[in-house]
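Residue strings, one per chain:
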Amino acid sequence: MKRIKYSELMKHIKYSELMKHIKYSELMKHIKYSELMKTSMMYMTQTFIAFLMRPRYLQQVLEVATKWTDQSSKIYRLSVLQQQSSTEDIDKPSKQLVHIQHRMLDVLSHSLSSLKKFTPDLCEILHEQNMDYSEFDPFLALAFSGPSPDQDSIPSFGTLTSCIRDVCVKLLMKQEVRSPHKNSNSEEGSPEIIPKNLIHYVMENALYIVMSQATRYLRDPHLPSSEKQLLKRELGTEMNYFLMELQRYLRRGTPSSPSAAKSPRPALSTTTPMLGRSLSQSSFASTPETEFFKFVQEFVIQVLK
């Protein structure tokens, strides 16, 4: 894997952030460059999420990168086969791992924010029936499984829902568990804390793209109805699971036990309407922190029903 300096990567990403301040019509005048930027950010997003949702695997990669010998190369190849499919968390992550997770989330926040330029404005596509959305080609694949580190493909709905649930919510819940002890563990040398506002920013941008892209697909008259039903069913199930876990976090309830966290995700099924009904009976409390998530909840109920 080619090494890229973090400073160089951030210059590239922050330059792409400038696209947010350029009208889409102006951006399309430089379509070759904008498409290149979009493609680069899409593949990077896919790869970063695949690693972030596998902290144990990421830590192994970091360890091997600093001790690369012929023997460790063999061990590395074996560990890849054993660990890359596991999303199991680490109870005591290394300082290096948390530092890299922080930087990767920082880059991911810029990437997702820039990708919003290439998807329809969410409010417009939801409420403006005459909106011309044909200029926005869908860029999320209609697939719903999480990404793999060795997968060289564009992101799918499953990529971003994995980012939302398996990266952001897990990080928030993990910080909540540790927060009562943060004062006693504040000695020098303890792992850095990933800012909550950064985690929220990544999560909200991912949710925005998911909802905009889903609406773009559902309003496409050329998309077969079977594909639309698949999108509603699978994405609705994923979003409901995310919202229930988020509610548990916001209520400051007891997080899942370690054994529950290691259990496989429930299989997708046609039980989404039941989840939707149970969710609507326990809506989010009205606070500034939850206003956007209340909107997401309404989107699931009204659009993905």
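About the cut-offs
- Residues numbered from 1 in each chain as written.
- Predicted model: local features only at pLDDT ≥ 70, side-chain atom pairs only at ≥ 80, totals over all residues.
- Heavy atoms only, no water.
- Helix = DSSP H or I, 4+ residues; strand = E, 2+ residues; numbered from the N terminus.
- Buried < 20%, exposed > 50% of the residue type's maximum accessible area, 1.4 Å probe, protein only.
- Areas by Shrake-Rupley, 256 points an atom, 1.4 Å probe, with all protein chains shown as cover.
- Core = buried A, V, L, I, M, F, W, Y, C linked by side-chain atoms within 4.5 Å.
- Contact = heavy atoms within 4.5 Å.
- Salt bridge = Lys/Arg side-chain N within 4 Å of Asp/Glu carboxyl O.
- Phe/Tyr/Trp six-rings, centres within 6.5 Å; stacked < 30°, edge-to-face > 60°.
- Disulfide = S-S within 2.5 Å.
- Expected span 1.5 Å × (residues − 1).
- pLDDT = per-residue confidence, 0-100.

Trainee: Help me get a handle on the overall build of the protein, residues and values and all.
Mentor: Broken down by element type, the protein carries 13 helices and 0 strands. Each helix and strand of the protein, placed in order from N terminus to C terminus, yields the pattern α-α-α-α-α-α-α-α-α-α-α-α-α. When burial is assessed residue by residue, the protein has 46% of its 305 residues classed as buried. In the form shown here, the protein has an accessible surface area of approximately 16,600 Å², with 55% of it arising from carbon and sulfur atoms.

Trainee: Any details on the nonpolar core? Residues and values, ideally.
Mentor: Within soluble globular proteins, side chains that are nonpolar tend to cluster in buried spots. Ranked by internal contacts, the top residues of the largest apolar core, which has 69 residues, are Leu105, Leu108, Phe157, Met203, Leu235, Met239 and Phe242. Sorting the residues of this core by element identifies helix H3 (31–52), helix H4 (55–66), helix H6 (95–115), helix H7 (122–127), helix H8 (157–178), helix H9 (196–218), helix H10 (225–250) and helix H13 (291–302) as the ones contributing at least two each. Looking at this core, the element that brings in the most residues is H9, giving 13 residues. Leaving out residues up to four positions away in the same chain, Leu108 has contacts with Thr45, Phe48, Ile49, Leu52, Cys163 and Val202.

Trainee: Got a sec to walk through the pattern of salt bridges? Specific residues and values, please.
Mentor: Following the criterion strictly, the structure yields 4 salt bridges and no others. One salt bridge connects Lys174 with Asp89, and the closest N-O pair in it is separated by 3.1 Å. Here the residue Lys174 occupies a position in helix H8, and Asp89 occupies one in the loop between helix H5 (70–83) and H6, the gap between them amounting to 85 residues. With a relative accessible area of 19%, Lys174 lands in the buried category. Glu245 is the salt-bridge partner of Arg165, the closest N and O atoms lying 2.6 Å from each other.

Trainee: Mind laying out the packing of aromatic side chains, listing which residues take part and the relevant values?
Mentor: For any two aromatic rings, the description comes down to two numbers: the centre-to-centre distance and the angle of the planes. Across all of its chains, the model carries 6 aromatic pairs by this definition. Note on Phe242 and Phe293: the rings are 6.4 Å apart at their centroids and 65 degrees apart in plane angle, and the pair reads as edge-to-face. With a gap of 51 residues between them, Phe242 in helix H10 and Phe293 in helix H13 connect regions that are remote in the sequence. Each member of the pair, Phe242 together with Phe293, is buried. Between Phe292 and Phe295, the aromatic rings sit 6.3 Å apart at their centres with planes inclined by 35 degrees, giving tilted as the arrangement. Of this pair, Phe292 and Phe295 are both found in helix H13, 3 residues apart, which corresponds to roughly one turn of the helix. In this structure Phe292 comes out as partly exposed when scored by relative accessible area, which is 22%. Overall, the relative accessible area of 31% leaves Phe295 in the partly exposed class.

Trainee: Could you give me a rundown of the state of the cysteines, with the residues and numbers involved?
Mentor: Enumeration over the complete set of coordinates arrives at 0 disulfides. Among the cysteines around Cys168, which has no disulfide bond, Cys163 carries the closest sulfur, lying 4.3 Å off. Residue class for Cys168 comes out buried when judged on its relative accessible area of 0%.

Trainee: Please set out H9 residue by residue, giving values where relevant.
Mentor: Taking 1.5 Å per residue, 23 residues should reach 33 Å; H9 reaches 33 Å between its end C-alpha atoms and fits that length. Of all 23 residues in H9, 19 are buried; the element is thus mostly enclosed.

Trainee: Any details on the confidence of the model for the protein? Residues and values, ideally.
Mentor: Mean pLDDT over the protein works out to 77, with 65% of the residues at or above the 70 mark. Confidence, read as mean pLDDT per element, is least for helix H11 (residues 258–262) in the protein (37) and greatest for H9 (96). Across residues 253–281 the pLDDT falls below 50, and counting only partners more than four positions away or on other chains, this stretch makes 36 contacts in the model.

Trainee: Lay out the environment of Ile193 with the relevant residues and their values.
Mentor: Its place among the elements puts Ile193 in the loop between H8 and H9. Between the C-alpha atom of Ile193 and that of Lys95, which follows or precedes it by 98 residues, the distance is 9.9 Å. With near-sequence residues (within four places) excluded, Ile193 lies in contact with His102 and Gln175.

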